[in-house]
Amino acid sequence: MYTHNGEDVFVIDGHIHLWDATKENIIHEGGEQFIQCFYDYHTGFTPEEEQWDMDTYRHYGTERMVQDLFRDGHVDMGIFQPTYLTDFYDEGFNTTDQNAELAEQYPERFVLNGSFDPRDGDEGIEHLERLKDDYDIQGVKLYTAEWRGDSKGWRLDSDEAFRFLEKCAELGIENIHAHKGPTIRPLNRDAFDVRDVDDAATSFPDLNFIVEHVGFPRVDDFCHIATQETNVYGGLAVAAPFAQNRPRKFAEMMGELLFWVGEDNLLFGSDYGIWEPDWLIPAVMDAEFTQEERAEYGVELSPEVKRKIMGENAARLYDIDIEAKKEQFRDDAISQEFGLGDTYEEASAD
Amino acid sequence: METTDSPDVADGSKSRPPGEASSSGKTESPVNLDAVRERLDRVHDPELDRSIIELQYIKTIDIDGSTVTVTFVLPTAWCSPAFAWMMATGIRDEVSTLPAVSSVTVRLLDHMHGDEITTGVNQGLSFESVFEDAEDGIEAVRRKLDHKARFARQHAAIKTLRQAGLDPDQIAPLTRAEVDLEHRSDLAAVRVQDGALTVTVAREPLADYLAKARETGLVTDETDRLFADREGDPLDPEPEAFESTLRDARLARANIEGQATICESLHESRNGVGFD
């Protein structure tokens, strides 16, 4: 467990992937463009000495992932956010079934999310039901810009999407993570327009809508929606690494997000393997407002606020009892493997 | 030849540090490199609302007699084709205004639609004919971004007036006629309360803002109000409503600057910076 100035910080990494972008798995040029684009984001924000080579990046595998998250990365639990892209990748890029390989090995450490695509119709509904049956998922990650045949995307406020959201509500799948973020080649930028979240969030007040990447490059549209809807949250993946190479821009962004979205509605995510939590978490935890920033935004980036963002908010959404988890992690398989048991002892706070 | 509408160019060269003024390409060419750069500085990345010179998108400027070739590269290969198109046409049109230039060729490198954009812009085609499946026309996209940029720039302009002691009642009804941008090179004068009071403030935030307000058609006449909310409606001087619009403008600016942070990071890692 991470400690910051002697205080424990229970970290739930809200956005992790286990992907396969090996050449053998790519069946469309979009697949190659997609991973190359991811790699640009990786190198763009990763300290030089921490950057991976392309081969590692294409397929890092389960063993490395477990080490990067838990042994080296200060993470206590991680939430898998799948990205199917089955038109680009033979077996899919990062599917729930692929993620399950690891999640089922360490069920106490991972939350496994599913996905749906309303264009799949009845078959899609069956897929969602199957994921609920197999893995008891509590959330889905949605990719509104995913290509499917001639279609280049879909909207969360369409009748077809509403049918799936109704199904989610019925099955108790409460957390709807929508990728609304920077354009990713070759996907169409407008398919990530954040405004369709508004109608969906109003129509399904019992579901939580987590806008991943806080809607970049439309953070303002996202903030307007999140201010009005209490069930709209922001995922910090993409914004978080500003803390590493542009700390004042990070502070400015956090000032806005805390003002408009609020400290109870923001979730940390490393976006692993795009970025690694071992350097990202300290960068975020060390971030502070200057006197001027505090006065300008009228909000705090206090240790309490950061603890909420780092884990407590996600714990609330996913019914995770942090104290019970700490007790469990004193001697679970991961703690035994990496000698982490001591960090979960009561006394470790001092 | 030098006598046509080039006061801006002359101004630009004058204000340049002497050290840079001598860095022209081929000495026998009538085209001055600094003049080309000064024109390029007027071309903006429409999403980031900053000059492509400042953003270091220009890779090379080749001057051969009266022919100029400009190559540029963007932070990502998947930068919106519409944005890339606006920059490419901006380069072509700005450099073409130089009287000594007879033809301009623009090349967009390392972009997923680099060839289409390069060919289309150099042949004078329309965006809509090159990208037939684009959802919005180029002018609609430009307007949307310009309105956002106008609103974002308003934050700094109003902040400047607030710091000079003006209150919402005085700021909200201000018209173009009440602002004198030529008061001094670095100071603007603002008349409030029907001319009963004049305050001087830093010129730049107001001048920057007014340039965009004019471009978007918000402030074209002397009697037009300077400021408007996100939708273009006049500002409400009631303190709470006024503050809320100001915060919204700050958010618009933070969004643009946040996106600029992403683009800068990608640009650094993909293209390096400081290339000549």
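Rules used throughout
Residues numbered from 1 in each chain as written. Chains lettered and ligands numbered in written order. Predicted model: local features only at pLDDT ≥ 70, side-chain atom pairs only at ≥ 80, totals over all residues. Heavy atoms only, no water. Helix = DSSP H or I, 4+ residues; strand = E, 2+ residues; numbered from the N terminus. Rg over C-alpha atoms; globule rule 2.2 N^0.38 Å. Buried < 20%, exposed > 50% of the residue type's maximum accessible area, 1.4 Å probe, protein only. Contact = heavy atoms within 4.5 Å. Areas by Shrake-Rupley, 256 points an atom, 1.4 Å probe, with all protein chains shown as cover. Lys, Arg positive; Asp, Glu negative; His and termini not counted. Charge placed at Lys NZ, Arg CZ, Asp CG, Glu CD. Buried area = accessible area lost by both parts, 1.4 Å probe. Salt bridge = Lys/Arg side-chain N within 4 Å of Asp/Glu carboxyl O. Nonpolar A, V, L, I, M, F, W, Y, C, P; charged D, E, K, R; others polar. Pairing = 2+ DSSP bridges. Axes fitted to C-alpha atoms, helices over the stretch in contact; angles between N-to-C directions.

Trainee: Explanation requested: the overall build of chain A in the structure shown.
Mentor: In terms of helices and strands, chain A carries 15 helices and 10 strands. For a compact globule of 350 residues, the expected C-alpha radius of gyration is about 20 Å, and chain A comes in at 19 Å, within 12% of that figure. Relative to its full complement of 350 residues, chain A shows a buried share of 66%. Across chain A, every contact between residues at least 6 apart in sequence was considered, and the portion connecting residues at least 24 apart equals 76%. Counting only carbon and sulfur atoms, one obtains 42% of the accessible surface of chain A, whose full area is about 12,800 Å². For chain A, the distance from the average site of its 30 positive side-chain charges to the average site of its 77 negative ones is 4 Å.

Trainee: Mind showing me how you'd approach the interface of chain A and chain B here?
Mentor: Accessible area lost when the parts come together is the quantity often used to give the size of an interface. Facing the 34 residues of chain A at the interface are 30 residues of chain B. Both sides together, the interface formed by chain A and chain B hides about 2,800 Å², and carbon and sulfur atoms give 55% of it. At the junction of chain A with chain B, the criterion picks out 8 salt bridges. Across the pair Lys-249 of chain A and Glu-257 of chain B runs a salt bridge whose closest N-O atoms are separated by 2.6 Å. Every element with two or more residues in the side of chain A that touches chain B is listed here: α1 (29-45), α8 (219-228), α9 (242-245), α10 (247-260) and α12 (291-297) of chain A. The class makeup of the residues in the side of chain A that touches chain B is 16 nonpolar, 6 polar and 12 charged.

Trainee: Which parts of the structure should I look at to understand the pattern of salt bridges?
Mentor: Pairs can form between side chains of opposite charge whenever their charged atoms are close. All names here are of chain B. Summed over the entire model, instances satisfying the criterion amount to 46 salt bridges over all chains. For the salt bridge of Glu-139 with Arg-142, the shortest nitrogen-to-oxygen distance reads 3.5 Å. One end of the pair, Glu-139, and the other, Arg-142, are both in helix α7 (residues 138-163), 3 residues apart, so they sit about a helical turn from each other. Taking the relative accessible area as the measure of exposure, Glu-139 reaches 43% and is therefore partly exposed. Judged by relative accessible area, Arg-142 falls into the partly exposed class, the value being 28%. Two residues, Glu-215 and Lys-212, come together in a salt bridge whose shortest N-O distance is 3.3 Å. Of the two residues, Glu-215 and Lys-212 both sit in helix α9 (residues 203-215), 3 residues apart, roughly one turn of that helix. Assessed through its relative accessible area of 51%, Glu-215 is described here as exposed. The buried category is assigned to Lys-212, whose relative accessible area is 5%.

Trainee: Is there a simple way to think about the sheet that holds strand β3 (residues 58-64) of chain B in this case?
Mentor: The pairing of strands in a sheet happens through backbone hydrogen bonds and is either parallel or antiparallel. Residues and elements named next belong to chain B. A sheet is described by the order of its strands in space; here 3 strands give the open sequence β3-β4-β5, paired in mixed fashion. Where the open sheet ends on each side, the last strands, each with one partner, are β3 and β5 (103-109). In this sheet, adjacent strand axes meet at a mean angle of 15° when their direction is disregarded. Docked against the sheet, helix α3 (residues 33-40) engages β3 and β4 (67-73), running at close to 135° with respect to β3.

Trainee: I would appreciate a short explanation of the environment of Gln-163 of chain B in the present structure.
Mentor: All names here are of chain B. Note that Gln-163 resides in helix α7. The class of Gln-163 is exposed, set by a relative accessible area of 67%. Separated by 98 residues in sequence, Gln-163 and Gly-65 place their C-alpha atoms 51 Å apart.

Trainee: Whenever I open this one, unusual backbone geometry confuses me. Can you help?
Mentor: Glycine aside, negative phi is the norm for most residues, and most peptide bonds take the trans geometry. All names here are of chain A. Going from Phe-216 to Pro-217, the amide bond is cis rather than trans, its omega being 0°. Following the sequence through the fold, Pro-217 ends up in the loop between β8 (208-212) and α8. Cis geometry marks the peptide bond from Tyr-272 to Gly-273; its omega dihedral reads 0°. With respect to the element layout, Gly-273 can be found in the loop between β10 (266-267) and α11 (277-286). In the Ramachandran plot, Val-238 falls in the positive-phi region, its phi being about 90° despite a non-glycine side chain. Notably, Asp-271 is not glycine yet its phi reads approximately 70°, a positive angle. Along the chain, Asp-271 turns up in the loop between β10 and α11. The exposure class of Asp-271 is buried, given its relative accessible area of 2%.

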